[in-house]
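Listed below are the residues making up each chain.
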Protein chains: 2
Amino acid sequence: MAESSEPPSSPRESARQSVTLQDIAAHAGVSRSTVSLVLRESPLVADSTRTRVQASIKALGYVYNRGAAALRASHTFTLGVVVYDIANPFFGAMVAGIDSVLHRENYVSFLANSEDSPERQQRFLERMREQRVDGLLLCPAEGTDPALLTQLMGWNMPCVQVLRHIGTPPFDYAGTDFELGVRQAVDHLVALGHRRIVFLGGEAEHSATRARHQGYHDAMHAQGLGEVLGIVRGPVTRRAGFEGIQTLMQETPRPTAVICHNDLMALGAMLGLQRLGLIPGEDCAIIGTDDIEEAALSLPPLTSVATHPFSIGEEAARLAMRRIANPGGAREQVILTPRLQVRHSCDPIPAHGEALYRRYPHATLDA
Amino acid sequence: MAESSEPPSSPRESARQSVTLQDIAAHAGVSRSTVSLVLRESPLVADSTRTRVQASIKALGYVYNRGAAALRASHTFTLGVVVYDIANPFFGAMVAGIDSVLHRENYVSFLANSEDSPERQQRFLERMREQRVDGLLLCPAEGTDPALLTQLMGWNMPCVQVLRHIGTPPFDYAGTDFELGVRQAVDHLVALGHRRIVFLGGEAEHSATRARHQGYHDAMHAQGLGEVLGIVRGPVTRRAGFEGIQTLMQETPRPTAVICHNDLMALGAMLGLQRLGLIPGEDCAIIGTDDIEEAALSLPPLTSVATHPFSIGEEAARLAMRRIANPGGAREQVILTPRLQVRHSCDPIPAHGEALYRRYPHATLDA
DNA sequence: GCCTCGTTTTGGATTGATCCAAATATGAGA
DNA sequence: TCTCATATTTGGATCAATCCAAAACGAGGC
């Protein structure tokens with residue numbers, strides 16, 4: 001006791017080597033093991049001991065070494081998150097939802113932006129294995145080999161797929177009912193009197209695309225419009241919306257309404273209409289998907305199938321926590337229900353308003 | 001050699017305990033140390049040895065254990081990134097820029113969303129210390145105590161501030177010249193004939209706010225307009241823009257132009273004008289800051305001071321790499337030059353176009 | 001006073017890599 | 001063939017925690 005009082009005195013000049021459990025133990029007059037138990041909030045430790053140890057921890061300015069702990073323990077309280085486009089505000093909101101849950105659970109997460117490259121994604125996943133994360137939240141890149149799931153299972157690595165999924169059930173998944181969302185959009189348009197309804201976007205074969213296309217197909221058939229126009233496949237960017245709608249509007253018969261794969265496309269499509277001197281709502285109704293915050297700020301405000309990204313993020317993170325706590329448990333699919341957020345991009349507009357839209361015929365995505 | 005050929009044979013049923021350097025060493029007939037050198041791509045190892053070891057690594061399905069490595073090594077190839085609103089597309093783009101550089105450098109990053117809470121930020125930073133990250137990219141939360149920098153220095157933790165900074169130089173920082181950006185905006189408006197120019201937004205006392213206000217102040221004075229209207233302080237959200245401009249337009253004298261703290265505010269402000277039956281550009285010119293992708297998609301397309309978030313992210317990450325490689329080096333400030341992206345939100349509009357904007361008087365941020 | 005039984009505490013082994021100083025191998029020149 | 005410098009390789013110590021079986025402690029009951 002008296003013997004160890006000098007070395008760990010107040011602030012050491014450079015604190016070159018860090019304070020360890022051993023130092024705390026010496027200072028508090030207990031063993032290394034006991035200190036470890038205190039740190040992990042074990043109920044085994046007597047209250048009096050606990051407070052004494054905690055005081056020593058504070059006094060010596062101890063810093064827990066997670067690397068060392070991870071070497072022996074089974075958990076790292078660490079997660080890997082993969083999205084394919086973090087610059088898309090949809091994913092921003094989703095990541096915020098994930099972060100809010102993880103923060104409560106004392107987890108931290110590695111984030112990677114795969115840019116929809118399976119190779120880049122694979123590299124990150126391998127790195128996550130090296131880091132020994134407790135689990136993954138994965139929004140698989142386009143073209144990801146479904147064998148990836150088997151691989152992860154072989155790694156013994158819990159993985160919750162988000163938004164898109166690959167492979168065959170059972171797997172853990174959190175997302176939204178895209179099929180229902182598109183059905184709501186089609187039904188809404190039909191109720192407004194539309195028949196020539198096109199679905200714009202999605203070429204890659206992943207679940208989120210298939211579900212949307214399926215929803216479109218089913219809803220159109222249910223409305224007896226099965227053979228009227230159809231799906232235009234392509235990338236799902238702003239630019240694709242901008243260009244895609246311009247092509248569509250030059251075809252015969254022209255669609256009277258377009259449902260877009262996501263809001264970015266829809267916003268691009270509205271700009272594309274302007275470029276042609278056409279008016280969103282009047283000349284062609286537009287519906288987007290996601291209901292990102294920007295949707296309310298366009299002119300006209302965009303009607304969109306709200307998919308609640310923040311909630312999806314929360315649900316995914318919670319599911320991951322459950323799976324980590326119980327690795328053998330039954331796989332779960334958490335499917336949120338989308339809701340059509342009606343704004344004004346399907347409203348017809350009085351003819352005398354056209355001039356305004358036509359004022360910016362040379363608007364492009366770049367200027 | 002023959003002795004160790006059985007245990008690490010092909011796939012073990014459950015691979016319960018992992019393959020270690022020791023196993024590789026035995027398989028390749030070298031020592032643990034040599035394998036370690038191969039893993040770290042040391043030039044010391046002979047080519048023939050290297051290939052043999054690499055073959056063994058592949059054959060046994062070895063997985064590098066970063067936790068164990070971190071225990072001894074000085075680097076973890078890990079970084080902490082803190083932003084205050086990941087749902088803001090500006091930060092999405094910035095994080096994408098960070099990620100692209102880190103990926104090239106073989107780094108991975110922990111991401112946290114502080115939600116502008118200094119407590120939450122502090123908790124994350126402490127966690128990062130426990131994880132022994134090599135450095136931090138920090139966009140400090142509003143109200144962060146400048147002593148934080150001293151604290152981090154005491155921790156011996158390299159930290160690059162991004163976009164905002166606290167404390168006093170020298171420190172590492174990557175951002176943009178907000179002051180110049182606002183000056184560009186003011187000059188542009190004055191050239192268009194505006195005199196009653198208001199700056200909208202920013203109440204907290206951080207560098208990015210001060211710089212903007214300073215830029216506004218200087219530019220207005222340089223133009224001889226120093227006492228004409230001024231700065232309206234407040235939060236910097238979409239909603240604040242929406243509400244702020246409505247208040248402004250009911251005052252006398254009314255401003256003829258508003259420069260907004262960021263694009264979200266500017267987009268909200270344009271919606272606010274509509275709500276009043278006013279026309280952006282005609283009744284009041286609007287300029288935003290950031291030039292997020294959405295800026296091009298509004299109607300009218302928003303004129304904005306482009307701050308290039310992706311590049312800022314890249315520069316910040318590169319600076320962090322430099323600082324980690326050379327902790328004692330001179331602190332650096334990387335200041336990018338903003339550029340005014342002129343679109344149409346300052347154009348006057350023919351009167352007969354008004355009807356269209358007035359069609360959506362009840363538009364709000366929620367619907 | 002001794003014996004349980006439950007509560008606390010403990011030491012030694014273990015985790016899987018890196019560091020470092022020293023040992024060994026290799027090759028050129030004398 | 002020997003020497004010396006250079007190129008490779010190595011074993012032991014070390015990093016800082018957790019796990020686990022066993023020991024110490026303390027309170028009641030007989």
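Residues numbered from 1 in each chain as written. Chains lettered and ligands numbered in written order. Predicted model: local features only at pLDDT ≥ 70, side-chain atom pairs only at ≥ 80, totals over all residues. Heavy atoms only, no water.

An unreviewed UniProt entry lists chain A under the name LacI family DNA-binding transcriptional regulator, with Chromohalobacter beijerinckii as the source organism.

A. Spatial organisation of the pairing of strand β2 (residues 108–113) of chain A. Within β2(A), 6 of the 6 residues are buried, leaving the element largely enclosed by the surrounding structure. Each parallel crossover has a hand, and for strand β1 (residues 78–83) of chain A linked through helix α5 (residues 89–104) of chain A to β2(A) it is right-handed. Across 3 bridges, the pairing between β2(A) and strand β2 (residues 108–113) of chain B is antiparallel. Residue pairing in the sheet places A:F110 in a bridge with B:F110 of β2(B). (Buried < 20%, exposed > 50% of the residue type's maximum accessible area, 1.4 Å probe, protein only. Helix = DSSP H or I, 4+ residues; strand = E, 2+ residues; numbered from the N terminus. Right-handed = clockwise from strand over helix to strand, strands pointing away. Pairing = 2+ DSSP bridges.)

B. Region of interest: the packing of aromatic side chains. All chains considered together, the criterion is met by 11 aromatic pairs over all chains. Taking the centre distance of 6.5 Å and the plane angle of 75° together, the rings of A:F171 and A:Y173 count as edge-to-face. Like A:Y173, A:F171 is buried. Seen from their ring centres, B:F90 and B:F91 are 5.5 Å apart, and the 85° between their planes marks the pair as edge-to-face. A relative accessible area of 2% means that B:F90 is categorised as buried. Of the aromatic side chains, those joined through ring pairs into one cluster are A:Y84, A:F90 and A:F91. If you follow A:R212 out to its NZ or CZ, it ends over the ring of A:F178, 4.1 Å from the centre. (Phe/Tyr/Trp six-rings, centres within 6.5 Å; stacked < 30°, edge-to-face > 60°. Lys NZ or Arg CZ within 6 Å of the ring centre and 35° of its normal.)

C. Layout of the sheet that holds strand β3 (residues 135–138) of chain A. Read across the open sheet, the 12 strands follow the order β11(A)-β5(A)-β4(A)-β3(A)-β1(A)-β2(A)-β2(B)-β1(B)-β3(B)-β4(B)-β5(B)-β11(B); overall the sheet is mixed. The strands lining the two open edges of the sheet, one partner per strand, are β11 (333–336) of chain A together with β11 (333–336) of chain B. Averaged over all adjacent pairs, the angle separating strand axes in this sheet is 20°, with direction ignored. Here 6 bridges tie strand β1 (residues 78–83) of chain B to β2(B), and the two strands are oriented parallel to one another. Bridge pairing links B:L79 to B:S109 in β2(B). (Axes fitted to C-alpha atoms, helices over the stretch in contact; angles between N-to-C directions.)

D. Region of interest: the protein's contact with DNA strand D. Taken together, 27 residues surround DNA strand D, and among them A:S36, A:Y62, A:R72, B:S33 and B:T49 come closest. The sugar and phosphate moieties of DNA strand D supply 67% of its atoms located within 4 Å of the protein. Within the side chain of A:S18, one N or O atom sits 2.9 Å away from a phosphate oxygen of DNA strand D. In this structure, a phosphate oxygen belonging to DNA strand D sits 2.8 Å away from a main-chain N or O atom of A:L21. Here the surface near DNA strand D takes 4 residues from helix α2 (residues 32–39) of chain B, the largest share from any one element. Looking at the surface near DNA strand D residue by residue, the classes come out as 13 nonpolar, 9 polar and 5 charged. (Near = heavy atom within 4 Å. Polar contact = N/O pair within 3.5 Å; in protein donor to acceptor, adjacent residues only side chain to side chain. Nonpolar A, V, L, I, M, F, W, Y, C, P; charged D, E, K, R; others polar.)

E. Region of interest: the relation of the copies chain B and chain A. Rotating chain B by 180° and moving it 0.1 Å along the rotation axis overlays it on chain A with an RMSD of 0.2 Å. The transformation relating the two chain copies, once decomposed into turn and shift, fits a two-fold axis. A high fraction, 97%, of the interface residues of chain B reappear at the interface in chain A, so the copies pair face to face through one surface. (Least-squares fit on C-alpha atoms with pLDDT ≥ 70 in both. Contact = heavy atoms within 4.5 Å.)

F. Structural view of the sheet that holds strand β7 (residues 231–232) of chain A. Residues and elements named next belong to chain A. Read across the open sheet, the 6 strands follow the order β7-β6-β8-β9-β10-β12; overall the sheet is mixed. Strands at the two margins of the open sheet, each flanked by one partner only, are β7 and β12 (339–341). Here strand β6 (residues 197–200) runs beside strand β8 (residues 257–260); their pairing, made up of 4 bridges, is parallel. Following the sheet pairing, L200 is matched in β8 by C260.

G. Fine view of α5(A). All names here are of chain A. Between its first and last C-alpha, α5 extends 23 Å over 16 residues, near the 22 Å set by a 1.5 Å rise per residue. The element α5 is extensively covered by neighbouring structure, given that 14 of its 16 residues are classed as buried. For α5, the capping residue at the N-terminal end is N88, with a side-chain oxygen 2.8 Å from the backbone nitrogen of F90. A positive backbone phi angle near 65° is found at N106, which sits one or two residues after α5. (Expected span 1.5 Å × (residues − 1).)

H. Seen up close, the protein's contact with DNA strand C. Inspection of the region around DNA strand C gives 28 residues, with A:S33, A:T49, B:S36, B:R40 and B:Y62 positioned closest. The contact atoms of DNA strand C, taken as those within 4 Å of the protein, divide so that sugar and phosphate hold 66%. A:S31 is positioned with one of its backbone polar atoms (N or O) 2.8 Å from a phosphate oxygen of DNA strand C. For the surface near DNA strand C, the secondary structure elements donating two or more residues are α2 (32–39) and α4 (66–72) of chain A together with α2 and α4 (66–72) of chain B. Considered class by class, the residues forming the surface near DNA strand C number 14 nonpolar, 9 polar and 5 charged.

I. Structural detail: the interface of chain B and chain A. Counting residues at the interface gives 72 residues for chain B and 70 residues for chain A. Between chain B and chain A the total buried area reaches about 6400 Å² when both faces are included, carbon and sulfur atoms providing 56% of it. Between the two partners, chain B and chain A, sit 6 salt bridges. In this structure, the salt-bridge partner of A:R120 is B:D99, at a minimum N-O distance of 2.6 Å. Counting every contact that joins chain B to chain A gives 18 residue pairs in polar contact (both at pLDDT 80 or more). For the side of chain B that touches chain A, the secondary-structure elements that each account for two or more residues are α4, α5 (89–104), β2, α6 (118–131), α11 (263–275) and α13 (354–358) of chain B. Residues that form the side of chain B that touches chain A fall into these classes: 36 nonpolar, 20 polar and 16 charged. (Buried area = accessible area lost by both parts, 1.4 Å probe. Salt bridge = Lys/Arg side-chain N within 4 Å of Asp/Glu carboxyl O.)

J. Structural detail: helix α10 (residues 238–249) of chain A. Residues and elements named next belong to chain A. An ideal rise of 1.5 Å per residue puts 16 Å on 12 residues; α10 measures up with 17 Å between its terminal C-alpha atoms. For α10, the tally of buried residues reaches 9 of 12 residues, placing the bulk of the element in the interior. For α10, the complete set of buried residues consists of R238, A240, G241, F242, G244, I245, Q246, L248 and M249. For α10, the elements touching its buried residues are β6, β7, β8, α11 (263–275) and β9 (285–290).

K. Main features of the pairing of strand β10 (residues 303–306) of chain A. Residues and elements named next belong to chain A. Alternating residues of β10 divide into T303 and V305 and S304 and A306, and every residue in both groups is buried. One ladder, built from 4 bridges, connects β9 with β10; its direction is parallel. Note on β10: the bridge partner recorded for I287 is T303. The sheet contact formed by β10 and β12 spans 3 bridges and is antiparallel. Directly across from S304, in β12, lies its bridge partner Q341.

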